[in-house]
Amino acid sequence: MTSAATKARVATVWLDGCSGCHMSFLDLDDAVAQVAAKADIVYGPLVDAQDFPEDVDLTLVEGAVSSEDDLRQIQKIRKRTKVLVALGDCAVTGNVPAMRNTVPTQRLLDRVYGNGASARLFREGVPRLLDQAVPLHQVVKVDAHIPGCPPPPGAILQALVDLLAGRKPDLTTMVKFG
Amino acid sequence: MTKTITIPHVTRIEGHAKISIYLDEHGRVDRTHLHVTQVRGFEKFVEGRPYYEMPGITARICGICPVSHALASAKACEGIMAIRIPKPARMLREVLHLSQFVQSHALSYFYLSAPDLLLGMDEPVASRNIVGLLAKYPDRARDGIELRKFGQQAIAALAGERIHASWVVPGGVNQPLTLEARDSILRGVPAAREILRRAIAGHKASLDRFAEEIANFGATPDLYAGLVDEHGAPGLYDGRIRFVAGGPHVIATGLDPAAYEDFIAEAPQPGTYLKSPFYRPLGFPDGVYRVGPLARLNVIDQLPTEEAGEELAAFRSLCGRMPSSGFHYHYARLIEALYAVERLEHLLTDPAILDRHVRAKAAVNELEAVGCIEAPRGILIHHYKVDDKGAIKWANLIVATGHNSAAMDRAVESVSRRFIDGGNIQEGMLNRVCAVVRAYDPCLSCSTHALGIPDLVVELIPPDKAATSASSGTPPSPRRPSP
Ligand code: SF4
């Protein structure tokens, strides 16, 4: 694509979240088209790329880091992206996914799937759960945080515009808690 | 040599899944597997929380259909309180729910699947998405954006926020509807209907092009379940469960969702966090059934609104009385969205909806209750037990996508057999395999919460023994988790 040289390369990633943060991004409605005019969305649940590409300018990450897959993924993303943004409370603080942290994982899985389920599941190619679901900043360096459950669409847009222009976003009047 | 093809991320779906396709030594598809790779454990970590927090917590299971979880949860809470909510509150909740149907179906059809349906399964990866759709079919893409926006704005007009609002509370809703909010929703109705008319006409016209997909997108299990009201119309907010097999043969009707354990059991599946529910009297796997838009249209007798009623008749004359191809989930979704728009208009024009009595109050009066609703993706059940102070002692969630897990697995295999050529693997082939998953519009971040009936032993039963071993004996009662 000829425009690729001038357009920013943006990715969106979904770890252990509910998709609400991605939905809030889509709640920009027609403004999604404006974002698409300025940036190529090169990876994410709404596009079909299978592998996280190299040289991404900005990545929005929804969700906490909960499984070994999540951990591997976020480490790879960190290496391949210039500006890494924690999108929403799950990525920022652990939020809902971290509510399981008081329960040992094996007990959690045995409760859900029956005794001995965890060993069986992991043998069969399902990613192993980490002992704790943690926010992004506990495992990688995060360049910006957008709080909210989910953050309002306007805050997401503002952060995108500022960060892509190399500015530090000021979201003080835009974020909401919970 | 045998070989495995892996699709590590099924894209344009709600949630995380990967697909393994195992080829035999001749490069032919031997078997396939859909792995759901996220598990969250809501049932466990909510133990000890006050029951009235449950609508807010469980809404966070899914950002696409938070309203369904909030409503199923609130209904279970009202069972705990042993109350019936005021009629205006029920009407308002129904409008909220219908608005969610519109936005969720719009997301599924236009944002997630239209890139396959309009741009084509073999469209290059870089443009096979909503942005590519905007470039090539701007009018259709804008229709999708506008329709989703209509649903989301209606939710915001009612509940104050588009996602994770705290308006639904045990006992009703926490604010009555204002005249302005009502009128703002009603103003959007004609455009939403227009969009759906166009989409349905376009979809019908495209059916011939997808003959191959229709033939191969999985046609089993040929047993469907949905909530139906006393007039044989969909009971989206409230109804009784009906099971219908191809034919149609009504297998059971009028079943009380509160007694779901008597007729639904769950079988854990290998290699996935998803479990497969089945209709207990038929055993596993004969009792495996489908839910969601296609299943709902197959189990009902009528759609009691004008245009959707006509479209249901057209659907049945085009595709048959009991269409079984998974591909028809798309078509069914559009008809349901039209029904939702008409029905919410009908409710909003009833003056009773502006009534200010929208919340009933009570404390804990029952120690166990079930709340059940039709989420956009199918039957959703919340089941709680509390102590006498109202702290959750045990919770079970059976979510829509879980019911469809066997159907999706079989559909993936059917599509793989038809479209995958092990000697010459093209990206478009793999996309067709993903597309069949998209037709079911799974919500996988929801689906792996299913706890099921814990006493059911984790084992795979050969099909010839299934009926006897799964249906004999009395249904086990849920047991307390080990401390
Ligand atoms: S922050 Fe809230 S909306 Fe975002 S993923 Fe987490 S629970 Fe969902």
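Residues numbered from 1 in each chain as written. Chains lettered and ligands numbered in written order. Predicted model: local features only at pLDDT ≥ 70, side-chain atom pairs only at ≥ 80, totals over all residues. Heavy atoms only, no water.

Asker: Kindly report on the overall build of chain B, identifying the contributing residues and their values.
Answerer: Within chain B, the secondary structure is distributed over 17 helices and 13 strands. Of the contacts made within chain B by residues no fewer than 6 positions apart, 70% connect residues no fewer than 24 positions apart. Per element, the accessible surface of chain B, about 16500 Å² overall, is 50% carbon and sulfur. (Helix = DSSP H or I, 4+ residues; strand = E, 2+ residues; numbered from the N terminus. Contact = heavy atoms within 4.5 Å. Areas by Shrake-Rupley, 256 points an atom, 1.4 Å probe, with all protein chains shown as cover.)

Asker: For the overall build of chain A, give the residues involved together with the corresponding values.
Answerer: Scanning chain A from N- to C-terminus turns up seven helices and seven strands. In sequence order, chain A lays out its α and β elements as β-α-α-β-β-β-α-β-α-α-α-β-β-α. Per-residue burial over chain A gives 61% buried out of 178 residues. Long-range pairs, those at least 24 residues apart, make up 77% of the contacts in chain A between residues at least 6 apart in sequence. Of the accessible surface of chain A, which amounts to about 7300 Å², a share of 54% is contributed by carbon and sulfur atoms. (Buried < 20%, exposed > 50% of the residue type's maximum accessible area, 1.4 Å probe, protein only.)

Asker: Lay out the nonpolar core in plain terms, naming residues and giving numbers.
Answerer: Counting 163 residues, the largest nonpolar core has Ile19(B), Ile21(B), Ile420(B) and Val437(B) as the members making the most contacts within it. Considering every element that reaches this core, the biggest residue donor is helix α4 (residues 87-119) of chain B, with 18 residues. Those residues in contact with Ile21(B), other than ones at most four positions away along the chain, are Lys3(B), Thr4(B), Ile5(B), Val29(B), Arg31(B), Thr32(B), Ser416(B), Ile420(B), Leu430(B) and Val433(B). Ranked by size, the runner-up nonpolar core spans 21 residues in total, among them Ala11(A), Leu15(A), Ile74(A) and Val140(A). (Core = buried A, V, L, I, M, F, W, Y, C linked by side-chain atoms within 4.5 Å.)

Asker: Could you give an account of the packing of helix α7 (residues 179-206) of chain B against helix α11 (residues 306-319) of chain B, with specific residues and numbers?
Answerer: Residues and elements named next belong to chain B. Closest axis-to-axis distance for the α7/α11 pair is 13 Å, and the angle between their directions is 5°. Considering the angle they form, α7 stands roughly parallel to α11. Along the contact surface, α7 presents Arg193, Arg197, Ile200 and Lys204, while α11 presents Glu307, Glu311, Ala314 and Leu318. Its residues assigned to classes, the contact of α7 with α11 shows three nonpolar, no polar and five charged. (Axes fitted to C-alpha atoms, helices over the stretch in contact; angles between N-to-C directions. Parallel < 35°, antiparallel > 145°, perpendicular 65-115°, else oblique. Nonpolar A, V, L, I, M, F, W, Y, C, P; charged D, E, K, R; others polar.)

Asker: Kindly report on the sheet that holds strand β11 (residues 368-375) of chain B, identifying the contributing residues and their values.
Answerer: Across a sheet, paired strands are connected by hydrogen bonds in the backbone, their directions being either parallel or antiparallel. All names here are of chain B. Taking strand neighbours across the sheet as the criterion, the three strands line up as β11-β12-β13 in an open arrangement whose pairing is antiparallel. Each edge of the open sheet is held by one strand with a lone partner, namely β11 and β13 (392-398). Along the sheet, successive strands turn relative to each other by an average axial angle of 15°, direction set aside. Bridge analysis of β11 against strand β12 (residues 378-386) gives eight bridges, and the strand direction is antiparallel. (Pairing = 2+ DSSP bridges.)

Asker: Please set out the environment of Pro66(B) residue by residue, giving values where relevant.
Answerer: As for its position among the elements, Pro66(B) is in helix α3 (residues 66-81). For the pair formed by Pro66(B) and Ile13(B), sequence separation is 53 residues and the distance between their alpha carbons is 16 Å.

Asker: Lay out the packing of aromatic side chains in plain terms, naming residues and giving numbers.
Answerer: Residue and element names in this part refer to chain B. Within the structure shown, the criterion is met by 12 aromatic pairs over all chains. Geometrically, the ring pair formed by tyrosine 329 and tyrosine 440 is tilted, given 4.7 Å between the ring centres and 45° between the ring planes. Residue tyrosine 329 is located in helix α12 (residues 328-348), and its partner tyrosine 440 is located in the loop between α15 (427-439) and α16 (444-447); the two are separated by 111 residues in the primary sequence. Stacked on the ring of tyrosine 22, the Lys or Arg arginine 31 has its end atom at 4.1 Å from the ring centre. When the ring centre of tyrosine 237 is taken as reference, the NZ or CZ atom of lysine 75 above it lies at 4.5 Å. (Phe/Tyr/Trp six-rings, centres within 6.5 Å; stacked < 30°, edge-to-face > 60°. Lys NZ or Arg CZ within 6 Å of the ring centre and 35° of its normal.)

Asker: Please set out the site of the ligand residue by residue, giving values where relevant.
Answerer: Neighbouring the ligand are 14 residues; Cys18(A), Cys21(A), Asp89(A), Cys90(A) and Cys149(A) lie closest to it. One chain alone does not account for the residues near the ligand; they come from chains A and B. Residue assignment for the shell around the ligand shows that the elements contributing at least two residues are α1 (20-26) and α4 (89-93) of chain A. In terms of residue class, the shell around the ligand is made up of five nonpolar, six polar and three charged. (Near = heavy atom within 4 Å.)

Asker: Describe the environment of Ala76(B), naming the residues involved and giving the relevant values.
Answerer: All names here are of chain B. Mapped onto the elements, alanine 76 comes out in helix α3. Along the primary structure alanine 76 and tyrosine 51 are separated by 25 residues, whereas in three dimensions their C-alpha atoms are 9.1 Å apart. Discounting chain neighbours no more than four positions away, the residues touching alanine 76 are Ala369, Val370, Gly371, His382 and Tyr384.

Asker: Which residues make up the pattern of salt bridges, and what are the values?
Answerer: One side chain can pair with another of opposite charge once the charged atoms of both are near each other. Residues and elements named next belong to chain A. Counting across every chain of the model gives 44 salt bridges over all chains. The salt bridge partner of arginine 80 is glutamate 54, with a shortest N-O separation of 3.5 Å. Here arginine 80, found in helix α3 (residues 68-80), pairs with glutamate 54, found in the loop between β2 (39-43) and β3 (56-62); they are 26 residues apart in sequence, far enough to count as distant. Of the residues examined, arginine 80 reaches a relative accessible area of 22% and is grouped as partly exposed. Residue glutamate 54 is classed as partly exposed on the basis of its relative accessible area of 48%. (Salt bridge = Lys/Arg side-chain N within 4 Å of Asp/Glu carboxyl O.)

Asker: An account of the pairing of strand β1 (residues 8-14) of chain A is requested, with residue identities and associated values reported.
Answerer: The side chains of a regular strand alternate between both faces of the sheet. Residues and elements named next belong to chain A. In terms of residue burial, β1 counts as a mostly covered element, since six of its seven residues are buried. Examined bridge by bridge, β1 and β2 share four bridges and lie parallel to one another. Following the sheet pairing, alanine 8 is matched in β2 by alanine 39. Pairing analysis gives five bridges linking β1 to β3, with the strands arranged parallel. Each residue of the ladder has a partner; that of valine 13, found in β3, is valine 61.

Asker: How would you sum up α4(B)? Please name residues and give values.
Answerer: Residue and element names in this part refer to chain B. If you check α4, its first and last C-alpha atoms are 46 Å apart, about what 33 residues at 1.5 Å a residue would give, namely 48 Å. A bend of about 70° at serine 113 is the largest found in α4, and the proline proline 115 appears one to four places after it. The buried fraction of α4 is high, at 31 of 33 residues. Downstream of α4 by a residue or two, glycine 120 has a phi angle that is positive, lying close to 110°. (Expected span 1.5 Å × (residues − 1). Bend = angle between axes of the 7 residues up to and from the residue.)

Asker: Run through the environment of Ser99(B), naming residues and quoting values.
Answerer: Residues and elements named next belong to chain B. Position of serine 99 among the secondary structure elements: in helix α4. Apart from the residues lying within four places of it in its own chain, the contact partners of serine 99 are Gly151, Ala154, Ile155, Leu158 and Leu344. A polar side-chain atom of serine 99 sits 2.7 Å from the main-chain carbonyl oxygen of valine 95. (Polar contact = N/O pair within 3.5 Å; in protein donor to acceptor, adjacent residues only side chain to side chain.)

Asker: Report on the packing of α11(B) against α12(B), specifying residues and quantitative values.
Answerer: Residues and elements named next belong to chain B. Two elements in contact, α11 and α12, have axes whose closest approach is 8 Å; the angle formed by their N-to-C orientations is 165°. Considering the angle they form, α11 stands roughly antiparallel to α12. Crossing geometry of α11 relative to α12 is assigned as left-handed. Judged by residue contacts, Glu306, Glu307, Ala308, Glu311, Leu312, Ala314, Phe315, Leu318 and Cys319 of α11 engage His328, Tyr331, Ile335, Leu338, Tyr339 and Glu342 from α12. For the contact of α11 with α12, the residue count by class is 10 nonpolar, one polar and four charged. (Left-handed = near helix turned anticlockwise from the far one by under 90°.)

So, to be careful, I would describe these as geometric facts and stop short of saying anything about function.
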